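So you can see what is in the structure, the chains are spelled out below.
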Protein chains: 2
Amino acid sequence: MPKPPDFSSWSCPLPLRDYPSVVMGHGGGGKLSAELIEHLFLPAFRNHALENLGDASIVSGASRAGDRLAFSTDSFVVRPLFFPGGSIGDLAVNGTVNDLAVSGARAMYLSVGMILEEGFALACLARVVDDMARAARTAGVQIVTGDTKVVEKGHGDGCYVNTAGIGFVPAGVEIGPSRARGGDAVIVSGTIGDHGMAIMSVREGLEFETTIQSDTAALNGLIEQILRAGGDAIHVMRDPTRGGVASSLNEIAAASQVGVVVEEREIPVRGEVRSACELLGMDPVYVANEGKVLVFVAENRAAAVLEAMRQHPLGSDAVIMAKVVDQHPGMVVAHTAMGTSRVIAMQIAEQLPRIC
Amino acid sequence: MPKPPDFSSWSCPLPLRDYPSVVMGHGGGGKLSAELIEHLFLPAFRNHALENLGDASIVSGASRAGDRLAFSTDSFVVRPLFFPGGSIGDLAVNGTVNDLAVSGARAMYLSVGMILEEGFALACLARVVDDMARAARTAGVQIVTGDTKVVEKGHGDGCYVNTAGIGFVPAGVEIGPSRARGGDAVIVSGTIGDHGMAIMSVREGLEFETTIQSDTAALNGLIEQILRAGGDAIHVMRDPTRGGVASSLNEIAAASQVGVVVEEREIPVRGEVRSACELLGMDPVYVANEGKVLVFVAENRAAAVLEAMRQHPLGSDAVIMAKVVDQHPGMVVAHTAMGTSRVIAMQIAEQLPRIC
């Protein structure tokens, strides 16, 4: 009989060997996630488009009337599947639309891959699918292809969803994580931490005067206005999901080899989100968002872009929360409300597993 | 505290209500899979590209120098992850390359979404990733974007992989499941049932003189030769994966409203595959393949296409196994070796769960 492979002798690249097995943090968007990408995926799949490490991949050699093709994917394993403000269906559509949009692409087409667990209620599946259809209509994208697999009870969790998306980057738009420059203003489009704390409040049974709602939303409309107002002064955009604003700023600081100075007082945080974070011992800068964008824009266009963002319903609370400096490249430093400074480091792993 | 949603009152489209919960067959590629698509996904996501129900979606309005964009996705949950002849990594790359190729597209770019289970050995992950990289090089495609999520132990099975793929359909190539015509010859590129029986032999511990190997392979090279030899006489191509040759023929018969007559003696089946099928009470026409293609070609070009296929290493055993007739539209009938006829029906569900 054919024997199962003996993998005890199989090798694993350093420094992954510090963890012989997958731990939750490998999916958390922090340092462990970055290690997997750097030491395993990049060396294996190496090519120019992948190495850019943007939210979507801009593919050279494929275009439509001069617009470059952008391609992105995300899997969603959020628990619970339904939460205040949304569901895994909304997240799966909005997440991929946003990855395309922050890369400067106009999102056009999505694929959907479902992995269902035996015994999952079809009524729940129907609700997830309805949420996806509604979110796709709202974002103006089409779901054009899909696939469904089923695994035995105890090998899934109701429903996992993968979406991949295609968009086109208009000629002249050049945005990427390595394009931040000293002097850039960093605008955040609204309050941070809403999504992560909405999920955690449900899981932990926290009660506040108002229910914390996820901010899940498609940002492509807002981003169109940002690009119109900012033009080539827009250097980087990113949606700070897993790992929150802190991880996104660190990734961009490292990719662009610049420093980032955050004005902590300027960061917009809802009162109930702040309370939930304090109760759970979390820092909102590390908490996931699903409908916010960070915009790195040249100083002289920052006011115009901020004004344009505030005209849009999803950007009405936008503020300049940080600036880019030439000092301490690769490092994010916060000026605190008490007048002191602290380093906002990349976390080893996400504090909140299965947040998206 | 926010309550979890009460879904007891949520509705579910008929006739899905016959099964209030997901069963393994919903992922099997048979009638239950078709019901999910027809009654749930299609009504929710309705658009022209999706309704075509090809292996990939040909997107109107997006092209490259006149070539139309094709987009496809598949999730892979095969168990075990490594089997004679391949692994989930090979399958995930070859499966999506093949879905694009049978749609007439030149496969170009893949995305990879991983859902890992906490505790999965990183050495195994490294092997899966190596297999993907090698398969991508062999097929001549680039993996340009990806995502990794981790779920707790007991909510996955080591590693699930989603791939989505982009290709371009050259001008003039018009292939689709509804284009079969009376008189078409149906060529199969080689022996059937190899993949499914390789998996089942491992699971069931069956011993034969030779180990049954999966046929997992990228078909894009073979299909290029088919298109060069057949031109616009190539009406339909399909890779008969889940549900086997029987399901593919039934789907095409239904979509084209034609009958299909199979010459059972002509179907190439390896001796050890036939033995394994007999032992397990299975019919090879329902068993999955991962490196075979069915080609519907106009009668007058069939010999030339068959000859071209046999020149290619992946088509050396190609034969004409069936023909298309105007009688009994939507139905597949086999002429047996004993001179009788039998209907090859669509199965309710796949006999073999998690075969890909």
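Just so we're clear, the structure is a prediction, and the values are computed from it rather than from any experiment.

### Let's talk about the overall build of chain A
In step 1: For chain A, the helix and strand inventory stands at nine helices and 14 strands.
In step 2: For 356 residues, the compact-globule estimate of 2.2 N^0.38 gives 21 Å, and chain A sits close to it at 20 Å.
In step 3: Here chain A, with 356 residues, has 63% of them falling under the buried criterion.
In step 4: Of all intrachain contacts in chain A linking residues separated by at least 6 positions in sequence, the fraction that spans at least 24 positions is 83%.
In step 5: By element, 50% of the accessible surface of chain A is carried by carbon and sulfur atoms, the whole surface being about 12900 Å².
In step 6: Distance between charge centroids for chain A: 3 Å, based on 28 positive and 40 negative side chains.

### As for the sheet that holds strand β13 (residues 332-335) of chain B
Residues and elements named next belong to chain B.
In step 1: Reading across from one edge, β9-β11-β8-β12-β10-β13-β14 is the order of the seven strands in this open sheet, with mixed pairing throughout. Only two strands of the sheet have a single partner each, and these edge strands are β9 (234-238) and β14 (341-343). Taking the axes of each pair of neighbouring strands and ignoring which way they run, one obtains an average angle of 25 degrees across the sheet.
In step 2: Relative to β13, strand β10 (residues 259-263) is paired through four bridges, and the arrangement is parallel. When the sheet's bridge partners are listed, V262 is paired in β13 with A334.
In step 3: Taken strand by strand, helix α6 (residues 220-230) contacts β9 and β11 (294-297), and its axis lies near 165 degrees from that of β9.

### Some thoughts on the pairing of strand β12 (residues 319-325) of chain A
All names here are of chain A.
In step 1: Of all seven residues making up β12, five are buried, and the element is well covered by its neighbours.
In step 2: As judged from the four bridges shared by strand β8 (residues 185-188) and β12, these two strands associate in the antiparallel manner. When the bridges of β12 are listed, V186 appears paired with A322.
In step 3: Note that strand β10 (residues 259-263) and β12 share four bridges and pair antiparallel. Of the residues in β12, the one forming a bridge with V260 is V324.

### Quick word on the pairing of strand β5 (residues 106-117) of chain B
Residues and elements named next belong to chain B.
In step 1: The buried fraction of β5 amounts to ten of the twelve residues, a majority that puts the element mostly inside the structure.
In step 2: In the sheet, β5 pairs with strand β7 (residues 159-169) via ten bridges, with the strands oriented antiparallel. Residue pairing for β7: I115 is matched across the bridge by Y160.
In step 3: Between the parallel pair β5 and strand β6 (residues 142-151), the chain is carried across by helix α4 (residues 122-139), and the sense of this crossover is right-handed.

### Considering the interface of chain B and chain A
In step 1: Every contact between the two is made by 95 residues of chain B and, on the other side, 95 residues of chain A.
In step 2: Taken as a group, W10, V22 and L122 of chain B account for 9% of the area that chain B buries against chain A, more than any other trio of residues on that side.
In step 3: A salt bridge links R79 of chain A to E152 of chain B, with the nearest nitrogen and oxygen atoms 3.2 Å apart.
In step 4: Here chain B and chain A share 28 residue pairs in polar contact (both at pLDDT 80 or more) between them.
In step 5: Where the side of chain B that touches chain A is concerned, the elements lending two or more residues are α1 (31-45), α2 (48-51), β1 (57-64), β2 (67-76), β5, α4, β6 and β7 of chain B.
In step 6: Taken together, the residues of the side of chain B that touches chain A sort by class into 54 nonpolar, 26 polar and 15 charged.

### Looking at helix α8 (residues 271-280) of chain B
Residues and elements named next belong to chain B.
In step 1: Where α8 is concerned, the buried positions are V273, A276 and C277. Down the axis of α8, the buried set is contained in an arc of 100 degrees. They therefore lie on one face. Of the residues in α8, the exposed ones pointing more than 90 degrees away from the buried face are E278 and L279.
In step 2: Residues of α8 that are buried make contact with α5 (194-204).

### Side note on the state of the cysteines
In step 1: Taken as a whole and assessed by the stated rule, the structure comprises zero disulfides over all chains.
In step 2: Left without a disulfide partner, C277 of chain A is nearest to the cysteine sulfur of C356 of chain A, which lies 16 Å away.
In step 3: Judged by its relative accessible area of 1%, C277 of chain A falls in the buried class.
In step 4: For C159 of chain B, which is in no disulfide, the shortest distance to another cysteine sulfur is to C124 of chain B and amounts to 9.1 Å.
In step 5: Of the residues examined, C159 of chain B reaches a relative accessible area of 1% and is grouped as buried.

Thresholds, definitions, all that
Residues numbered from 1 in each chain as written. Chains lettered and ligands numbered in written order. Predicted model: local features only at pLDDT ≥ 70, side-chain atom pairs only at ≥ 80, totals over all residues. Heavy atoms only, no water. Helix = DSSP H or I, 4+ residues; strand = E, 2+ residues; numbered from the N terminus. Rg over C-alpha atoms; globule rule 2.2 N^0.38 Å. Buried < 20%, exposed > 50% of the residue type's maximum accessible area, 1.4 Å probe, protein only. Contact = heavy atoms within 4.5 Å. Areas by Shrake-Rupley, 256 points an atom, 1.4 Å probe, with all protein chains shown as cover. Lys, Arg positive; Asp, Glu negative; His and termini not counted. Charge placed at Lys NZ, Arg CZ, Asp CG, Glu CD. Pairing = 2+ DSSP bridges. Axes fitted to C-alpha atoms, helices over the stretch in contact; angles between N-to-C directions. Right-handed = clockwise from strand over helix to strand, strands pointing away. Buried area = accessible area lost by both parts, 1.4 Å probe. Salt bridge = Lys/Arg side-chain N within 4 Å of Asp/Glu carboxyl O. Polar contact = N/O pair within 3.5 Å; in protein donor to acceptor, adjacent residues only side chain to side chain. Nonpolar A, V, L, I, M, F, W, Y, C, P; charged D, E, K, R; others polar. Arc of directions from axis to C-beta. Disulfide = S-S within 2.5 Å.

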